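Breakdown of the fold
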Amino acid sequence: MHPPYDRFRHLLSAALIAPIQFYRRVISPMTPPSCRFTPTCSQYAIEAIRKHGPFKGMYLAVRRILRCHPWGGSGYDPVP
């Protein structure tokens, strides 16, 4: 049996990933592609949450989204 903290992390991760997947499946197809990075910010967020957990994963995802502006970088930027 998993300790309570592990179950909480898993549930919180699932709750954070669900709206990102909704965006990818419903909203994103209606907009033109405009991603500056590979993988896309939404895929990066999902990977970061799955790899590092909900707290550090969201921190990495938000940091990545904040770098997405005309003067920011572009290109291949994998989850650390």
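Residues numbered from 1 in each chain as written. Predicted model: local features only at pLDDT ≥ 70, side-chain atom pairs only at ≥ 80, totals over all residues. Heavy atoms only, no water.

Regarding helix 1 (residues 4-27)
In this model, helix 1 (24 residues) spans 34 Å end to end at C-alpha, consistent with the 34 Å of a helix rising 1.5 Å per residue. Among the residues of helix 1, Ser 13, Ile 17 and Ile 20 are the ones counted as buried. Against helix 2 (41-66) lie the buried residues of helix 1. (Helix = DSSP H or I, 4+ residues; strand = E, 2+ residues; numbered from the N terminus. Expected span 1.5 Å × (residues − 1). Buried < 20%, exposed > 50% of the residue type's maximum accessible area, 1.4 Å probe, protein only. Contact = heavy atoms within 4.5 Å.)

Digging into a nonpolar patch on the surface
The grouping of Phe 22, Tyr 23, Val 26, Ile 27 and Met 30 at the surface amounts to a nonpolar patch, some 490 Å² of accessible area in total. Assignment of secondary structure puts Met 30 in the loop between helix 1 and strand 1 (37-38). (Patch = residues over 30% accessible without salt bridge, like charges linked within 9 Å, V, L, I, M, F, W, Y side chains within 5 Å. Areas by Shrake-Rupley, 256 points an atom, 1.4 Å probe, with all protein chains shown as cover. Salt bridge = Lys/Arg side-chain N within 4 Å of Asp/Glu carboxyl O.)

A short note on the confidence of the model for the protein
For any part of a model where pLDDT is low, the fine detail of the predicted coordinates should not be relied upon. When pLDDT is averaged along the protein, the result is 91; 98% of the residues meet or exceed 70. By mean pLDDT, strand 1 is the weakest element of the protein at 90, and helix 2 is the strongest at 95. (pLDDT = per-residue confidence, 0-100.)

Brief notes about unusual backbone geometry
With an omega of -5°, the peptide bond running from Thr 38 to Pro 39 counts as cis. One can find Pro 39 in the loop between strand 1 and helix 2.

A word on the pattern of salt bridges
Applying the stated criterion across every chain yields a total of two salt bridges. For Arg 64, the salt bridge goes to Asp 77, with nearest N and O atoms at 3.7 Å. Of this pair, Arg 64 sits in helix 2 while Asp 77 sits in the segment after strand 2 (75-76), and the two are 13 residues apart along the sequence. You'll find Arg 64 and Asp 77 in the same group, each marked buried.

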